[in-house]
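The primary structure of each chain is shown beneath.
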Amino acid sequence: MSFEEKLTWVSTSVTVIVVLVYAWLVGGQISETPVGEIAYQGPMIAAAAAMVVLTIIGAIVTAIGAAVSAQITGERSVYDIDRSDERDAHISRRGDIVGYYVSSVLMFGVLVITMLQFEYFWIANGIFTAFAIAGLVSSAVKLVSYRRGF
Amino acid sequence: MGKPTRVTNSIRALRFAADEMTQADLADRVGVTRQTIIAIEQGRYSPSLEVAFKIARAFGAPLDEVFHYPEEES
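Cut-offs used in this document
Residues numbered from 1 in each chain as written. Chains lettered and ligands numbered in written order. Predicted model: local features only at pLDDT ≥ 70, side-chain atom pairs only at ≥ 80, totals over all residues. Buried ≥ 20, exposed ≤ 12 C-beta atoms within 10 Å, placed from the backbone. Helix = DSSP H or I, 4+ residues; strand = E, 2+ residues; numbered from the N terminus. Contact = placed C-beta atoms within 7 Å. Core = buried A, V, L, I, M, F, W, Y, C linked by C-beta atoms within 7 Å.

J.: Explain helix H3 (residues 34-41) of chain B to me, please; I cannot follow it from the model alone.
T.: Since the α-helix advances by 3.6 residues per turn, residues separated by three or four positions end up pointing in the same direction. Buried within H3(B) are the following residues: B:Gln35, B:Thr36, B:Ile37, B:Ala39 and B:Ile40. Taken together, the buried residues of H3(B) touch helix H3 (86-115) of chain A together with strand E1 (8-9), helix H1 (11-17) and helix H2 (23-30) of chain B. Just beyond H3(B), the residue with positive phi is B:Gly43, at close to 75°.

Okay, here's the thing in structure tokens:
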């Protein structure tokens with residue numbers, strides 16, 4: 001597995017975990033509290049920050065693991081563990097394009113609920129969900145492309 | 001699912017003919033990852049012309065001895 005593919009797994013895992021925790025914390029209140037009174041702002045900002053920080057930590061841990069593995073097996077230089085090439089670039093571009101189209105379509109949905117004057121809660125969470133889904137679809141396209149080729 | 005490219009290649013045979021050159025050695029010579037060499041060998045990825053020429057040069061072979069494209073059926 002190339003280093004870039006490992007990083008894609010890291011960001012995908014982080015996104016899934018953080019979104020699930022956020023959904024558990026905030027979504028659980030919907031049935032008990034009017035949405036206008038749910039304090040979603042703090043958890044949403046914390047979730048976005050957590051995604052960035054955990055992805056960076058995951059990338060560092062992955063790099064350390066790859067370096068230790070390279071040192072033990074001696075198969076390649078530790079200075080070469082993060083090599084990426086044109087295939088990584090093509091796959092990344094492909095995933096990003098699909099993610100862009102998914103986010104565009106989902107943002108149109110958010111535009112509609114904004115025009116219909118939904119609560120800010122639904123608009124903010126619609127945007128958050130759209131970005132999360134677009135990111136996950138983009139990652140899924142990249143991971144499938146790594147496995148099946150294109 | 002079928003292979004995503006119609007381009008075939010003789011990289012595996014050429015590696016063995018070249019003193020059993022490993023995929024890692026070829027990757028180092030070409031400047032790509034070993035996973036990319038594996039993907040090219042298995043027909044899961046068509047490399048750019050530049051990488052294709054580098055691979056051919058690593059074997060000291062002309063491009064069409066390394067990569068093949070089937071004739072169009074009329």
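J.: Would you explain the nonpolar core in this entry?
T.: Note that soluble globular proteins tend to have their nonpolar side chains buried in a common cluster. By size, the foremost hydrophobic cluster in this structure holds 15 residues, and its most contacted members are B:Val30 and B:Ile55. Of all elements in the fold, only H2, H3 and helix H4 (49-59) of chain B reach the threshold of two or more residues within this core. Sorting elements by how many residues they give to this core places H4(B) first, with four residues. Not counting the four nearest positions on each side in its chain, B:Val30 is found in contact with B:Val51, B:Lys54, B:Ile55 and B:Ala58. Counting nine residues, the second-largest nonpolar core is a separate cluster that includes A:Val14, A:Val18, A:Tyr40 and A:Ala47.

These figures capture arrangement, not role.
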